[in-house]
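An overview of the molecular structure
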Amino acid sequence: MTTAPWRDPALPAAARVDDLLSRMTLEEKTAQLYGVWVGAATDGDGVAPLQREMTADYDWDELITHGLGQLTRSFGTAPVDPALGAQALARAQRRIAGAGRFGIPAVAHEECLAGFTAWGATAYPVPLAWGASFDPELVAELGRHIGRDLRSVGVHQGLAPVLDVVRDPRWGRVEETIGEDPYLVGTVGAAYVRGLESAGVVATLKHFAGYASSVGARNLAPVRAGVREFADVTLPPFEMALREGGARSVMASYTETDGVPVSADPRLLDELLRGEWGFTGTVVADYFGVGFLQSQHRVAEDEAGAAHLALAAGIDVELPTLKCYGAPLVGAVRAGRIPESLVDRAARRVLLQKCELGLLDDDWRPEPDGPVDLDSAPNRALAGRLAQESVVLLDNPDGLLPLAPDTRIAVVGPRAADALAMLGCYSFPSHVLPHHPEVPLGIPIPTVLEALRAELPDAKVTFAEGCGVSDPDASGFAEAVARAAEADVCVAVLGDRAGLFGRGTSGEGCDVADLRLPGVQGELLDALVATGVPVVLVLLTGRPYALGRWHGRLGAAVQAFFPGEEGGPALAGVLSGRVNPSGRLPVSVPRAPGGQPWTYLQPPLGLAGEVSNLDPTPLFPFGHGRSYTTFSWEDFTGGDVTEIGTDGSYDLSLTVRNTGDRAGAEVVQLYLHDPVASVTRPDVRLTGYRRLELSPGESRRLTFRFHADLSSFTDRTGARVVEPGALELRLGPSSAEVRHTARLRLTGPVRVVGPERTLRCEVEVTEAE
């Protein structure tokens, strides 16, 4: 029996794909360039923007005779038992392979932003909580767990992580981001990619690029970012995740920057991504993003025109279902409107990836290898550890926390007794189950109330909801105040309800006009504080909210960013003292709620000053977080001015010692201050960090290896340069507090740097002398 070259695993992938492409018809090649979303709703509310309007009709049996590029969300569209879903996906793959001439299955993709978005799968903390952990290695383990679960049911590609850097906390998708600093986003995001890819799953970076810089914090709004903001804030996390994480796919953003939609921008998707950065994977459209070139951006007159623009820009795969890359594309190629070479280019990239995944091999089989368990005990343990590490103790001025084990506690608030308070909008229960109210959650999710009662069995715990999350009804205030007045301490559990397109207070399409707590929750907190009983504020949110109104009036304040299915026990552990809080803020907490979109990456004119009566200084700065123990930072080396070349490096060291009576974690943060540059620079920006867990009395020596490349920025010509001159390296526990400073002077010529520059400040941990 003669085997066609494209079936021969001994040949290089490129040779195999070239042979296969030479045998394929135009229809067969274009079939590799789109997905199909089986079961997607065409009426009512959807889980993607304009889903009802953009979903096309097709005949499945006829369609798959040409092959199929991708299968969209077999598990993430409707509730299905994971084991039965794996069997159904395998049958669908057998049908696809059996219907076409070449027997090529589809790439199955799913969302995996905070865990596999499937019924019965572990709901982990959202990415903003990953940022709060400052623990990339734990996030890499998270990626490995999620990747293994995806592969166990036949999924090849995960649509995560989100690498958008927060520019305006009013944006609804803040919960999906890792934070407001590109270095934190890049290091944590790259770790997640490493983990996902190590399990054999194609990680998809999104949203490339600029999505979070939309005007007015409105979802899918135009982007007004300047050249330097785009180059120095928006792009670095993607570059790091590609170089260090090895991501094999990128998702094009919905947005347009300075009038050019990303999905039609070859400068971004081809010249930068593939040319300068050397990316060789696949670029996929965000859902309906190709069709939006016609319907939303109005830069194409018809579907074929949209297909032409997207293919020419470098989008290889139309997701989630065929709209433009199907019959409109085939017709336009046959009519001479679109060069077939564009189809060949994209199909080659898709087939190379399928070859990497083993989907062109004779021994390919889609059936799962063993039993399916998407919420295993190791998964839950990992979810619990990440939840614990991500809880931020904002304030504890008089040591009210930890709570006494036998105290009287009034638990009040709309987030205290609701399991969904733990979950972001891309968790399956929040994302899909609202369309299936008769279906149970599928996973156990202890509430804060349940967890606190279990955590403190000797305490007398009462409960009153007080109000809803976003409705204006204050009729429950009286009961809540009564419960608080009877207690020794009141735990007020407030925050967000995750949802989609205005059906929540946080999540995709749930943008806000200001940063007041939703609904009448602020008024409820006022009423509780007025009782005179100490109030512990516990926030379960997807974004930071303005807390200046209550500063100095609370007994303590605790922030959790949608901490997942084990978030209740994690929070209860922090309140009881079983867990020593170690999270740090990945986003600043504002003092006032008004229209001052602000992150800490501000040049001098963005800081407080005499030229304006408005002070944008946050109440709690980026990197802030308190502990139940204390740490000393000793034996610092690096005080004097040191000269290094613009291509040089410098080590600065210190010893961190746990001086308290219990184990805890310190997060040592390194910030760069550039006093004078050819363009304005942020006053400080994160350039290194290390999370360090220490027992009482234990110490470790940290050495930060700073390279001059880390001071690079985009100059007036658009080049990325390292400039000679003075620099300060500031070590501190947050962006606003400096413990030690090293002063450098870079000498030599201005040096232009490119993609091979040093991206990371390595930190060595050794035994303290």
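Placed above this text is the structure.
Since we're looking at a predicted model, the values are computed, not measured.

Rules of the game
- Residues numbered from 1 in each chain as written.
- Predicted model: local features only at pLDDT ≥ 70, side-chain atom pairs only at ≥ 80, totals over all residues.
- Heavy atoms only, no water.
- Helix = DSSP H or I, 4+ residues; strand = E, 2+ residues; numbered from the N terminus.
- Rg over C-alpha atoms; globule rule 2.2 N^0.38 Å.
- Contact = heavy atoms within 4.5 Å.
- Lys, Arg positive; Asp, Glu negative; His and termini not counted.
- Charge placed at Lys NZ, Arg CZ, Asp CG, Glu CD.
- 1 Å grid on protein atoms, 1.4 Å probe; cavity = no way out; pocket = protein on both sides within 12 Å on 5 of 7 lines; lining within 4 Å.
- Points joined across faces, edges and corners; volume = space filled by probe spheres on them.
- Nonpolar A, V, L, I, M, F, W, Y, C, P; charged D, E, K, R; others polar.
- Phe/Tyr/Trp six-rings, centres within 6.5 Å; stacked < 30°, edge-to-face > 60°.
- Lys NZ or Arg CZ within 6 Å of the ring centre and 35° of its normal.
- Pairing = 2+ DSSP bridges.
- Axes fitted to C-alpha atoms, helices over the stretch in contact; angles between N-to-C directions.
- Buried < 20%, exposed > 50% of the residue type's maximum accessible area, 1.4 Å probe, protein only.
- Polar contact = N/O pair within 3.5 Å; in protein donor to acceptor, adjacent residues only side chain to side chain.
- Salt bridge = Lys/Arg side-chain N within 4 Å of Asp/Glu carboxyl O.
- Parallel < 35°, antiparallel > 145°, perpendicular 65-115°, else oblique.
- Left-handed = near helix turned anticlockwise from the far one by under 90°.
- Arc of directions from axis to C-beta.
- Core = buried A, V, L, I, M, F, W, Y, C linked by side-chain atoms within 4.5 Å.

**Observations concerning the overall build of the chain**
From N to C terminus, the chain includes 21 helices and 27 strands. What you see for the chain is a C-alpha radius of gyration of 26 Å, in line with the 27 Å of a compact globule of 769 residues. Counting only C-alpha atoms and orienting by the principal axes, one finds that the chain spans roughly 80 × 70 × 50 Å. Put simply, 79% of the contacts in the chain that link residues at least 6 apart link residues at least 24 apart. The average position of the 69 basic charges and that of the 99 acidic charges among the side chains of the chain differ by 1 Å.

**Examining the layout of surface pockets**
The computed volume of the largest pocket comes to approximately 730 Å³. Forming the walls of the largest pocket are 29 residues, and the residues nearest its centre are Val227, Ala231, Leu235, Arg267 and Leu272. Those elements that provide at least two residues to the lining of the largest pocket are α9 (227-234), α10 (236-245) and α11 (266-276). Among the elements that take part in the lining of the largest pocket, α11 stands out by supplying five residues, more than any other. Tallied by class, the residues present in the lining of the largest pocket amount to 15 nonpolar, five polar and nine charged. Taken together, 30 residues form the lining of the second largest pocket, with Pro182, Asp232, Val233, Arg681 and Arg685 sitting closest to its centre. Put simply, the parts of the chain that give the lining of the second largest pocket at least two residues each are α8 (182-198), α9, α10 and β20 (685-694).

**Describing the packing of aromatic side chains**
Scanning the entire structure with this criterion turns up 14 aromatic pairs. Among the aromatic residues, ring-to-ring pairing joins Phe134, Tyr183, Tyr600, Phe622, Tyr671 and Tyr689 into one connected group. Across from the ring centre of Tyr426, 5.5 Å away, lies the NZ or CZ of Lys206, which sits over that ring. Its guanidinium or amino end placed over the ring of Trp633, Arg739 lies 4.7 Å from that ring's centre, counting from NZ or CZ.

**Some words on the sheet that holds strand β15 (residues 556-561)**
Overall, mixed pairing links the six strands, which are arranged β10-β15-β14-β13-β11-β12 in an open sheet. Looking at which strands have only one partner, the edges of the open sheet turn out to be β10 (392-395) and β12 (460-464). For this sheet, the mean inter-axis angle between neighbouring strands, taken without regard to orientation, is 20°. Sheet topology note: the strand β13 (residues 489-495)/strand β14 (residues 535-541) ladder contains six bridges and is parallel. Across the sheet, Leu494 pairs through a bridge with Leu539, a residue of β14. Relative to the sheet, helix α21 (residues 567-576) contacts β13, β14 and β15, its axis offset from that of β14 by approximately 155°.

**Considerations on the sheet that holds strand β17 (residues 642-645)**
Working definition: the strands of a sheet are paired by backbone hydrogen bonds and lie parallel or antiparallel to each other. Pairing is mixed in the open sheet, where five strands are placed in the order β17-β25-β24-β19-β20. Two strands close off the open sheet at either side, each with one partner strand: β17 and β20. Ignoring which end each strand starts from, the neighbouring axes of this sheet average 25° apart. As judged from the five bridges shared by strand β19 (residues 664-673) and strand β24 (residues 725-732), these two strands associate in the antiparallel manner.

**Examining unusual backbone geometry**
Leaving glycine out, the prevailing phi sign among residues is negative, and the prevailing peptide bond configuration is trans. In the segment running from Ala160 into Pro161, the intervening peptide bond is cis, with an omega of 5°. On the secondary structure map, Pro161 appears in the loop between β4 (157-159) and α8. Following Phe208, the chain continues to Ala209 via a peptide bond in cis, the omega torsion being -5°. Tracing the backbone through its elements, the reader meets Ala209 in the loop between β5 (202-208) and α9. Phi angles above zero are rare outside glycine, and Ala217 is one such case at about 65°. Take Ala217: it is sitting in the loop between β5 and α9. Of the residues examined, Ala217 reaches a relative accessible area of 1% and is grouped as buried.

**Some details on the side chain of Arg380**
Residue placement: Arg380 occurs in helix α16 (residues 377-390). Here Arg380 falls in the buried class, since its relative accessible area comes to 15%. A polar atom in the side chain of Arg380 sits 2.8 Å from the backbone oxygen of Pro444. In contact with Arg380, not counting residues within four places along its chain, are Asp375, Ile443, Pro444, Pro446, Glu565 and Glu566.

**Overview of the pattern of salt bridges**
One pass over the full model with this rule turns up 55 salt bridges. Salt-bridge contacts for Glu389 lead to Arg385; the nearest nitrogen and oxygen are separated by 3.3 Å. Residue Glu389 and its partner Arg385 are located together in helix α16, separated by four residues, close to a single helical turn. Judged by relative accessible area, which is 5%, Glu389 ranks as buried. Connected through salt bridges with shared partners, the residues Asp135, Arg385, Glu389, Arg691 and Glu693 form a single ionic network.

**Quick word on the packing of helix α7 (residues 136-152) against α16**
At a minimum axis distance of 11 Å, the contact between α7 and α16 shows a crossing angle of 150°. Judged by the angle between their axes, α7 and α16 are roughly antiparallel. When the axes of α7 and α16 are compared, the crossing they make is left-handed. The residues of α16 that touch α7, namely those facing Leu138, Glu141, Leu142, His145 and Asp149, are Pro378, Asn379, Leu382, Arg385, Leu386 and Glu389.

**Observations concerning the pairing of β20**
Of all ten residues in β20, eight are buried, a share of seventy percent or more. Sheet analysis places β19 next to β20, joined by nine bridges and oriented antiparallel. Looking across to β20, one finds that Leu670 is bridged to Gly688.

**Quick look at the pairing of strand β18 (residues 649-658)**
In terms of residue burial, β18 counts as a mostly covered element, since seven of its ten residues are buried. Bridge count between strand β16 (residues 631-637) and β18: five bridges; the pairing is antiparallel. If you follow Glu634 over to β18, its bridge partner there is Thr655. Where β18 meets strand β21 (residues 699-707), nine bridges bridge the pair, whose relative direction is antiparallel. Within the sheet, the bridge partner assigned to Leu652 lies in β21 and is Phe704.

**A short note on helix α14 (residues 327-334)**
Looking only at α14, the buried set comprises Leu329, Val330, Ala332 and Val333. All buried residues of α14 project into a common sector of 165° when viewed along the axis, lining one side. Seen from the buried face of α14, the exposed residues on the opposite side, beyond 90 degrees, are Ala327 and Arg334. For α14, the elements touching its buried residues are α2 (26-31), α13 (303-313) and α15 (340-356). Downstream of α14 by one or two residues, Gly336 has phi in the positive range, about 85°.

**Examining the nonpolar core**
Phe208, Tyr325, Leu652 and Phe704 are the most contacted members of the largest nonpolar core, which has 206 residues in total. Top element by residues in this core is α8. It accounts for eight residues. The residues touching Phe704, leaving out its near neighbours within four places in the chain, are Tyr650, Asp651, Leu652, Leu654, Val668, Leu670, Gly688, Tyr689, Leu731, Cys761, Glu762 and Val763. Membership of the second largest hydrophobic core comes to 36 residues, among which are Leu423, Ile443, Val489 and Ala572.

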